[in-house]
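# Observations on the three-dimensional arrangement
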Amino acid sequence: MDQVNVTLTDEAKADLRALPSQRLRVVALQWMQRLKKSPDLGAPLDWREGQDLREAFKLYFAENDTPLEQNLIAKKRSEEGAPYRIVYRLLPSARKPATAQVIAVGPKYGPEGGVYARAAKRYEILIDLEP
Amino acid sequence: MGRGKSPTKRRSYEVLGTRELRDQIPAILRDLRADVDSEPIVGGANRKPEIVILSYDGYLGLMDQIDNLAIATQAGERIPAADADLGTSLEDAARELGLDPDEIFAETEEPAPHGAPAA
């Protein structure tokens, strides 16, 4: 698969800034960097918050991740062990992506419903704005 | 640039007076029926260019060309806008956060665990 561009929406950038530590910001960016070579790295999403997110993907991350280290043996981690998520979509399509667009970044759970609630709202707006 | 000047050279047409136009209408129609792409006829009072006569098919073709140009112009404006709508590149996002992309995106070899035999 060809390398893809990775971009962040303004809201996703604000999410990054809002992460509680610089280490988490670096880890999130490094996971996004990995998307360049492996856009299908994330797990596909489904319906969240009444919004069809089946075209979107999720990546888990935690503060102690080292996404760019060349590990010969993959580190096993439970989903609950990684409290943060990156939500992105592939454009123009998941089958032939040219861009991985990051829609939301943040904790799975939060006071306003967490990362999926934000992603769902933003995804709806993005689709509405598309020609 | 002065008023009325155009960067492209305009073709000049012979301008027919109103009497000539009236007299030549049957011949003009005949010519336009024979060749829809024939040159337009320009006419007006005192040989001042006021009207243009061209075949109906020629007119429709011209309108199509104008439409196509307008669409191409709009598409040209939208394509960069669509790119911009995708958001900020990963590298620029890192810089905005005060991080050096070259540093944080460098792939590293994982250090050998303690106690592992030296290679």
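Here, the structure is the one placed above.
To start, this report covers the structure provided alongside it. Fair warning: this is a prediction, and the values are worked out from it, not measured in the lab. One numbering rule holds for all chains: residues counted from 1, following each sequence as written. Chains carry letters from A onward and ligands carry numbers from 1 onward, assigned in written order. Given that the model is predicted, a residue must reach a pLDDT of at least 70 before its local features are reported, and side-chain atom pairs must reach 80 or more before they are shown or counted; all residues, however, enter totals for whole chains, interfaces and linings.

This part takes up the overall build of chain B. Per the secondary structure count, chain B includes four helices and five strands. Here chain B holds 119 residues, and the buried ones make up 8% of them. Remark: residues whose backbone-derived C-beta atoms lie within 7 Å of one another are considered to be in contact. Of the contacts made within chain B by residues no fewer than 6 positions apart, 40% connect residues no fewer than 24 positions apart. Counting from the N terminus, the helices are the DSSP runs of H or I reaching at least four residues and the strands are the DSSP runs of E reaching at least two. Put plainly, a residue is buried at 20 or more neighbouring C-beta atoms within 10 Å of its own, exposed at 12 or fewer, and partly exposed in between, counting only other residues' C-beta atoms, which are placed from the backbone.

With that settled, consider the environment of Ile53 of chain B. Residue and element names in this part refer to chain B. Its place among the elements puts Ile53 in strand β3 (residues 51-53). According to the C-beta neighbour criterion, Ile53 is partly exposed, with 17 such atoms within 10 Å. Through-space distance from the C-alpha of Ile53 to that of Ile41 is 4.9 Å; in sequence the pair is 12 residues apart.

Turning next to the environment of Gly17 of chain B. Residue and element names in this part refer to chain B. Position of Gly17 relative to the elements: it lies in the loop between β1 (15-16) and α1 (18-34). Judged by the 14 C-beta atoms lying within 10 Å of it, Gly17 is partly exposed. Gly17 sits 28 residues away from Ala45 along the chain, and the two C-alpha atoms are 5.4 Å apart. Residues within four places of Gly17 in sequence aside, it is in contact with Gly43, Asn46 and Arg47.

This part covers the interface of chain A and chain B. The figure often quoted for interface size is the accessible area lost as the parts come together. Contact with chain A, which involves 24 residues of that partner, is made by 17 residues of chain B. For the side of chain A that touches chain B, the secondary-structure elements that each account for two or more residues are β1 (5-8), α1 (10-18), α2 (22-37), β6 (69-70) and β8 (99-107) of chain A. Considering every element that reaches the side of chain A that touches chain B, the biggest residue donor is α2 of chain A, with six residues. Under this grouping Gly is polar, as are all residues other than the nonpolar Ala, Val, Leu, Ile, Met, Phe, Trp, Tyr, Cys and Pro and the charged Asp, Glu, Lys and Arg. Taken together, the residues of the side of chain A that touches chain B sort by class into 10 nonpolar, nine polar and five charged. Strand pairing follows a simple DSSP-based rule, namely that at least 2 bridges must link the two strands. Bridging between β1 of chain A and strand β4 (residues 88-89) of chain B involves two bridges; their strand directions are antiparallel. In the sheet register, Thr7 of chain A faces β4 of chain B, and the bridge partner there is Ser89 of chain B.

So, about the nonpolar core. Core analysis: the largest hydrophobic core is formed by 39 residues, its most contacted members being Ala28, Ile86, Val102 and Ala119 of chain A. If you list the elements that add at least two residues to this core, you get β1, α1, α2, β5 (56-61), β7 (84-91), β8 and α3 (114-129) of chain A together with α3 (90-96) of chain B. For this core, the element with the highest residue contribution is α2 of chain A, accounting for eight residues. If sequence neighbours within four positions are ignored, Val102 of chain A has contacts with Val6, Thr7, Leu8, Thr9, Ala12, Met32, Ile86 and Tyr88 of chain A. A set of buried residues drawn from Ala, Val, Leu, Ile, Met, Phe, Trp, Tyr and Cys, joined through C-beta atoms within 7 Å, is what defines a nonpolar core.

Here we take up the sheet that holds β8 of chain A. The strand order across the open sheet formed by six strands is β2(A)-β5(A)-β7(A)-β8(A)-β1(A)-β4(B), and the pairing between neighbours is mixed. With one partner strand each, in any of the chains shown, β2 (43-44) of chain A together with β4 of chain B form the two edges of the open sheet. In this analysis an axis means a line fitted to C-alpha atoms, helices contributing only their contacting stretch, and an angle means the value between N-to-C directions, from 0 to 180 degrees. The strands touched by α1 of chain A are β1 and β8 of chain A together with β4 of chain B; relative to β8 of chain A, the strand with the most contacts, the crossing angle is about 40°.

Here we take up the sheet that holds β3 of chain B. Residue and element names in this part refer to chain B. Pairing is mixed across the open sheet formed by three strands, whose spatial order is β1-β2-β3. Among the strands making up the open sheet, the edge pair consists of β1 and β3. With two bridges connecting them, β1 and strand β2 (residues 41-43) associate as parallel partners. Residue pairing in the sheet places Leu16 in a bridge with Gly43 of β2.

Note that all results are geometric; they support no functional claim without further evidence.
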